[in-house]
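Fold and geometry: a report
Spelled out, the chains give:
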Amino acid sequence: METSIEKAREVIQEADAIIIGASNGLSISEGYNIFADNEMFRQQFGDFKDKFGIKNVLDGIFSEHMYAESRQEFLKRLVKLWTEDYIPSEVMNNLYSIVKDKPYFILTTNADEHLEAAGFDPEKVWEIEGTFRTTLKNESPVNRNEVFNQFFSEYNGKKIVFLELGIGSRNRLIKLPLMQLVYQQPKATYITLNLPHEIYIPKEIAEKSIALPGDISETLSNLKANYD
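Rules and cut-offs
- Residues numbered from 1 in each chain as written.
- Predicted model: local features only at pLDDT ≥ 70, side-chain atom pairs only at ≥ 80, totals over all residues.
- Heavy atoms only, no water.
- Core = buried A, V, L, I, M, F, W, Y, C linked by side-chain atoms within 4.5 Å.
- Buried < 20%, exposed > 50% of the residue type's maximum accessible area, 1.4 Å probe, protein only.
- Contact = heavy atoms within 4.5 Å.
- Phe/Tyr/Trp six-rings, centres within 6.5 Å; stacked < 30°, edge-to-face > 60°.
- Helix = DSSP H or I, 4+ residues; strand = E, 2+ residues; numbered from the N terminus.
- Pairing = 2+ DSSP bridges.
- Axes fitted to C-alpha atoms, helices over the stretch in contact; angles between N-to-C directions.
- Arc of directions from axis to C-beta.

Core analysis: the largest hydrophobic core is formed by 49 residues, its most contacted members being Phe 74, Leu 95 and Leu 163. With residues up to four places along the chain from it excluded, the contact list for Leu 163 reads Ile 18, Ile 19, Ile 20, Gly 21, Leu 95, Val 99, Ile 191 and Leu 193. With 22 residues, the next largest nonpolar core counts Ala 17, Leu 107, Phe 162 and Met 179 among its residues.

Okay, structure coming up:
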């Protein structure tokens, strides 16, 4: 298992395609934490916290303590503040710079649409659990399984980099399927960015893996600096 920014840069540069798996850790590195009762949450949603006792954004999205109208108002504010008013962060800009010149596809459970706002093609982003906007409109998540299958079929057997960003070590929705694909692909490389205690690489794919523990924002900045 490698732990080198330089090696990661080299592998990405030589890749035929990149498949990104992204979860809450990526959003948290931007400062958007759906789990936190932090200053941002209290400033933006303190009235809902005081009135309904919600503990964080995630609690507000699924709260059973709000009336339907109040939950809609919460979701409208969430969409406005976290999606419509969002300005791409350095984290997202760095990620886009690293990936933009390669064929890519993204699987994510982040619902904020920050990837699209940063320049990633919406048709190449599969928000598996939907977005804040689809939740507000009570719409089903867009299913891009067929698009992903076509993409993967095109690069099957080639040099695919699986770039994992902020996915918890026990995640089975994105992490496990991607690791299984890495195992099956002889020319694949698995690169994972996360906090040290969330890094998990099974021994079956250790020889084709690169772990970059630490703050994702710093790691992406260093990776872009080397990549340039």
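The final tally for this structure, using the stated rule, is 13 aromatic pairs. Considering the side-chain rings of Tyr 32 and Tyr 86, the 5.9 Å spacing of their centres and the 70 degrees angle between planes classify their relative orientation as edge-to-face. With Tyr 32 in the loop between α2 (24–30) and α3 (39–52) and Tyr 86 in the loop between α5 (68–84) and α6 (90–99), this pair connects stretches of sequence that are 54 residues apart. What makes Tyr 32 buried here is its relative accessible area of 15%. Relative to Phe 148, the ring of Phe 105 lies with its centre 5.4 Å away and its plane at 55 degrees, an arrangement referred to as tilted. Note that Phe 105 is positioned in strand β2 (residues 104–108) and Phe 148 in helix α9 (residues 145–155), a separation of 43 residues in sequence. On the basis of relative accessibility, which here comes to 9%, the residue Phe 148 falls in the buried class. Here a set of aromatic residues connected by ring pairs shows up, and it is made of Phe 41, Phe 45, Phe 48, Phe 52 and Phe 74.

In space, the six strands of this open sheet follow the order β3-β2-β1-β4-β5-β6, with parallel pairing throughout. Pairing within the sheet leaves two strands with one partner each, and these edge strands are β3 (125–127) and β6 (209–213). Strand-to-strand twist of the sheet, defined as the mean angle between neighbouring strand axes without regard to direction, takes the value 15 degrees. Strand direction decides the pairing type here: β2 and β3, joined by three bridges, are parallel. When the sheet's bridge partners are listed, Leu 107 is paired in β3 with Trp 126. The strands that α9 touches are β1 (17–22), β2, β3 and β4 (160–165); relative to β1, the one it contacts most, it runs at about 140 degrees.

Each α-helix turn comprises 3.6 residues. Residues three or four places apart therefore point the same way. Listed in full, the buried residues belonging to helix α10 (residues 175–184) are Lys 175, Leu 178, Met 179, Leu 181 and Val 182. The buried residues of α10 occupy an angular sector of 155 degrees when projected down its axis, which confines them to one face. Among the exposed residues of α10, those oriented more than 90 degrees off its buried face are Tyr 183 and Gln 184. In this structure, the buried side of α10 is in contact with β1, β2, α9, β4 and β5 (189–194).

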